[in-house]
Amino acid sequence: MDLAQTIRNVPDFPVEGIQFKDITTLLQDPVPFRAAVDEMLDAYRDRPIDVVVGIESRGFIWGAILAYEMGVGFVPVRKPGKLPAETIRAEYALEYGTNALEMHVDALRPGQKVLVVDDLLATGGTAKATCELVERLGGEVVGVAFLIELTFLHGRDKLSGYDVLSLISMDD
Ligand code: AMP
């Protein structure tokens, strides 16, 4: 099925010039929702994964489902000030603005194999910062998975050295 058709494009959100890729239209329809989850699960079926790390906030949707279905744990990476216990932090640049991400210091054990998950790859800064957090805690990033990749922003280049998967490529 053509998953790209189920994504809504919202021009000038949240700021002028950004074409926001709205995944709620995919999520609200059980057929593409299941197709997307199943395609991601198939891609990692034979891979050793100990933990799925999901990036706030839409990465939580995919990450938690994948972790549950894989029978592994789920770790949230959150915006600053949201996680209650001791955290480590990484700064990153977004397609619009800058931000930071945090992870609990005890969220991973050294040597754990980690799948990083988010809804969309734009410039790659968010995912790169997340991979850095994982590695600072001694985790090994075995894959970085996205529902959507905005190919014209070349986020994949920023993630060179990582195994990157996206289900939908968009060139505008
Ligand atoms: P980046 O760090 O530039 O790869 O940005 C990726 C993060 O920003 C992801 O968490 C996305 O959810 C969000 N994001 C960036 N650009 C868009 C966009 N055009 N539409 C929807 N979400 C976006």
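Up top is the structure.
Our subject in this report is the structure included herewith. All of these numbers come straight from a predicted model, not from anything done at the bench.

### A look at the environment of L165
Working step 1: With respect to the helices and strands, L165 occurs in strand β9 (residues 164–170).
Working step 2: Given the relative accessible area of 21%, L165 is considered partly exposed.
Working step 3: Taking C-alpha positions, L165 is 19 Å from S57, a pair spaced 108 residues apart along the chain.
Working step 4: Sequence-distant contacts of L165, defined by excluding residues within four places in its chain, comprise A43, Y44, V144, A145, F146 and R156.

### Looking at the packing of aromatic side chains
Working step 1: Per the stated rule, a full pass over the model turns up three aromatic pairs.
Working step 2: Between F60 and F74 the ring centres are 6.0 Å apart and the planes differ by 85°, which places this aromatic pair in the edge-to-face class. Taken as a pair, F60 in helix α3 (residues 58–70) and F74 in strand β4 (residues 73–77) lie far apart in primary sequence, 14 residues in all.
Working step 3: F74 sits in the partly exposed class, given a relative accessible area of 30%.

### Here's the deal with unusual backbone geometry
Working step 1: Across the junction of F13 and P14, the peptide omega takes the value 0°, indicating a cis bond.
Working step 2: Counting through the fold element by element, P14 comes out in the loop between β1 (8–11) and β2 (19–22).
Working step 3: Of note, the bond from E56 into S57 is cis; its omega dihedral lies within 30 degrees of zero at -10°.
Working step 4: Relative to the helices and strands, S57 resides in the loop between β3 (51–55) and α3.
Working step 5: The phi dihedral of D12 falls on the positive side, at around 60°, and the residue is not glycine.
Working step 6: With respect to the secondary-structure elements, D12 resides in the loop between β1 and β2.
Working step 7: D12 gets classed as partly exposed once you look at its relative accessible area, which sits at 43%.
Working step 8: Phi angles above zero are rare outside glycine, and H154 is one such case at about 55°.
Working step 9: The topology assignment puts H154 in the loop between β8 (140–150) and α5 (155–158).

### Observations concerning the environment of A35
Working step 1: Note on placement: A35 falls in helix α2 (residues 30–43).
Working step 2: Sequence separation between A35 and T126 is 91 residues, and the spatial gap between their C-alpha atoms is 25 Å.
Working step 3: Ignoring sequence-local partners within four residues, the contact set of A35 consists of M1 and L3.

### Description of the sheet that holds β3
Working step 1: Across the sheet, five strands lie side by side as β4-β3-β7-β8-β9; this open sheet has parallel pairing. Pairing within the sheet leaves two strands with one partner each, and these edge strands are β4 and β9. For this sheet, the mean angle separating the axes of adjacent strands, direction not counted, is 20°.
Working step 2: Of the pairings in the sheet, the one linking β3 to strand β7 (residues 113–121) comprises four bridges and is parallel in character. Among the inter-strand pairings, G54 is bridged to a residue of β7, identified as V117.
Working step 3: Where helix α4 (residues 125–136) meets the sheet, it contacts β3, β4, β7 and β8, and its direction lies at approximately 165° from that of β8.

What counts and how
Throughout this document, residue positions are counted from 1 along each chain, in the order its sequence is written. Under the rules for a predicted model, residues below a pLDDT of 70 receive no local features and side-chain atom pairs below 80 are neither given nor counted, while totals for whole chains, interfaces and linings still include all residues. Excluding hydrogens and water, the side-chain figures rest on all heavy atoms present in the structure. Helix and strand assignments come from DSSP, with helices taken as H or I runs of at least 4 residues and strands as E runs of at least 2, each series counted from the N terminus. For every residue, the accessible area (1.4 Å probe, protein chains only) is compared with the maximum for its type, and the residue is labelled buried under 20%, exposed over 50%, or partly exposed between those bounds. In this description, contact between two residues means that some pair of their heavy atoms is separated by no more than 4.5 Å. Here the aromatic set is Phe, Tyr and Trp, taking the six-membered ring for Trp, and pairing holds for ring centres within 6.5 Å; pairs whose planes are under 30 degrees apart are stacked, those over 60 apart are edge-to-face, and all others are tilted. When DSSP finds two or more bridges between a pair of strands, those strands are recorded as paired. Think of each axis as a best-fit line through the C-alpha atoms, taken over the contacting stretch in the case of a helix, with angles from 0 to 180 degrees between the N-to-C directions.

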